[in-house]
Amino acid sequence: MVHQQRSEAHLSPSSDTEDIVAMLAPRLAYFAGVARTEHVTRAAQEMQVPQSTLSRAMVRLEQDLGVDLFARRGRTVSLTPAGRTFLGSVERALAEIERAADEVRADADPATGKVAFGFLHTMGSETVPGLIRAFRADHPRVRFSLVQNYGEAMIERLRSGELDLCLTSPVPDAPDLVARRLDEQKLRLVVPADHRLASRKRVRLAEAAEETFVTLEPGYGMRRITDDLCRQAGFKPRIAFEGEEAETLRGLVAAGLGVALLPPPAVPRPGVAELTVTAPRAAREIGVAWLAGHPDTPPVAAFKKFLLSRRGRLLPE
């Protein structure tokens, strides 16, 4: 059977996809309802819309497509072959929309919703698990989507809407972000256990000016802090290795490949000595950031309030 074409179609074959969707989308649910009942009056009653509105919507849908979807016999209708083809895709599209609506409603549920939370690699072993454990004491069913990454990558994901909140360092300063300082973490000069400085408890960073450093890669907050502290101490570090994870750097220090400026480890590592840096002041600020003007779901708002309440006691003792 050849589908009858309507000469008054509103959409040409060259119409943009966005135009097609904008014109068709509001009428798809009406079409599915009429197709299911094969009766305009009954469909109008089920969907609680005026019959005239439904009839006009179906006529306009056919005009927009340029194809007859229904064969009409009074108030009774039946699908044409084109209508049956179209119905299959429409039902799949409506089911996907319903699934998406259920998902976003579930994510926003105050009791069982989801928080997309990013944090630094160095926060992953103790700090973040402890925070989530404490938060879930009062919110046991809230779900978390966790992303562990370096600062700049998390800020990009925050801006793209993939994250609700992130713990990062340095604390960002940008007009499209809101950031709050939560805590400060002292940094240490990590040297091999048999290093000339290993017997010391404290050291001025300038005393390591001639050492070879292992550092995180450019783009990591700790790398920027390392470069800045060395500059304040009057030297530019000689870099032997650039990595992506602080504990890897500790292993390289233990192997004698260099020294490193790092936050304290979750568990002491053998083969290294960790020295307090007395000058310049070696510390990094840890803060929470979110997108300015971005509305929070109830679970995100609750977790944000919880994080802000931990100001000054975010990090494990």
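The paragraphs below set out a description of the structure included in this document. (Residues numbered from 1 in each chain as written. Predicted model: local features only at pLDDT ≥ 70, side-chain atom pairs only at ≥ 80, totals over all residues. Heavy atoms only, no water.)

With that settled, the discussion passes to the pattern of salt bridges. Scanning all chains against the criterion turns up 25 salt bridges. Linking Glu 285 and Arg 181 is a salt bridge whose minimum nitrogen-to-oxygen distance equals 3.0 Å. Residue Glu 285 is located in strand 13 (residues 283–291), and its partner Arg 181 is located in strand 6 (residues 177–186); the two are separated by 104 residues in the primary sequence. Among the residues examined, Arg 181 registers a relative accessible area of 38% and is labelled partly exposed. Between Glu 274 and Arg 188 there is a salt bridge, with its nearest N and O atoms 3.3 Å apart. Placement of the pair is Glu 274 in strand 12 (residues 272–279) and Arg 188 in strand 7 (residues 188–192), with a sequence separation of 86 residues. Glu 274 gets classed as partly exposed once you look at its relative accessible area, which sits at 23%. Note on Arg 188: relative accessible area 31%, which makes it partly exposed. (Salt bridge = Lys/Arg side-chain N within 4 Å of Asp/Glu carboxyl O. Helix = DSSP H or I, 4+ residues; strand = E, 2+ residues; numbered from the N terminus. Buried < 20%, exposed > 50% of the residue type's maximum accessible area, 1.4 Å probe, protein only.)

In this section: helix 8 (residues 246–254). For helix 8, the complete set of buried residues consists of Ala 246, Leu 249, Arg 250, Gly 251, Leu 252 and Val 253. In this fold, the buried residues of helix 8 make contact with strand 7, strand 9 (212–216), strand 10 (238–243), strand 11 (260–262) and strand 12. Sitting at the amino-terminal end of helix 8 is Glu 245, which places a side-chain oxygen 2.9 Å from the backbone nitrogen of Glu 247. Residue Gly 256 follows helix 8 closely and has a positive phi angle near 85°. (Contact = heavy atoms within 4.5 Å. Polar contact = N/O pair within 3.5 Å; in protein donor to acceptor, adjacent residues only side chain to side chain.)

Interaxial distance between helix 5 (residues 127–135) and helix 9 (residues 298–309) falls to 11 Å at its minimum, and their mutual angle equals 115°. For the pair helix 5 and helix 9, the sense of crossing is right-handed. Residues Leu 131, Ala 134 and Phe 135 of helix 5 form the contact with helix 9, whose participating residues are Pro 299, Ala 302, Phe 303, Phe 306 and Leu 307. Of the residues that constitute the contact of helix 5 with helix 9, the class distribution is 8 nonpolar, no polar and no charged. (Axes fitted to C-alpha atoms, helices over the stretch in contact; angles between N-to-C directions. Left-handed = near helix turned anticlockwise from the far one by under 90°. Nonpolar A, V, L, I, M, F, W, Y, C, P; charged D, E, K, R; others polar.)

Our next topic: the sheet that holds strand 12. Strands sit in the order 8-12-7-11 across an open sheet of 4 strands; the sheet is mixed. At either end of the open sheet lies a strand with only one pairing partner, and these are strand 8 (202–204) and strand 11. Adjacent strand axes in the sheet meet at a mean angle of 45° when their direction is disregarded. As defined by bridge partners, strand 7 adjoins strand 12 across 5 bridges and the pair is classed as antiparallel. Among the inter-strand pairings, Val 190 is bridged to a residue of strand 12, identified as Glu 274. (Pairing = 2+ DSSP bridges.)

Keep in mind these numbers describe shape, not what the thing actually does.
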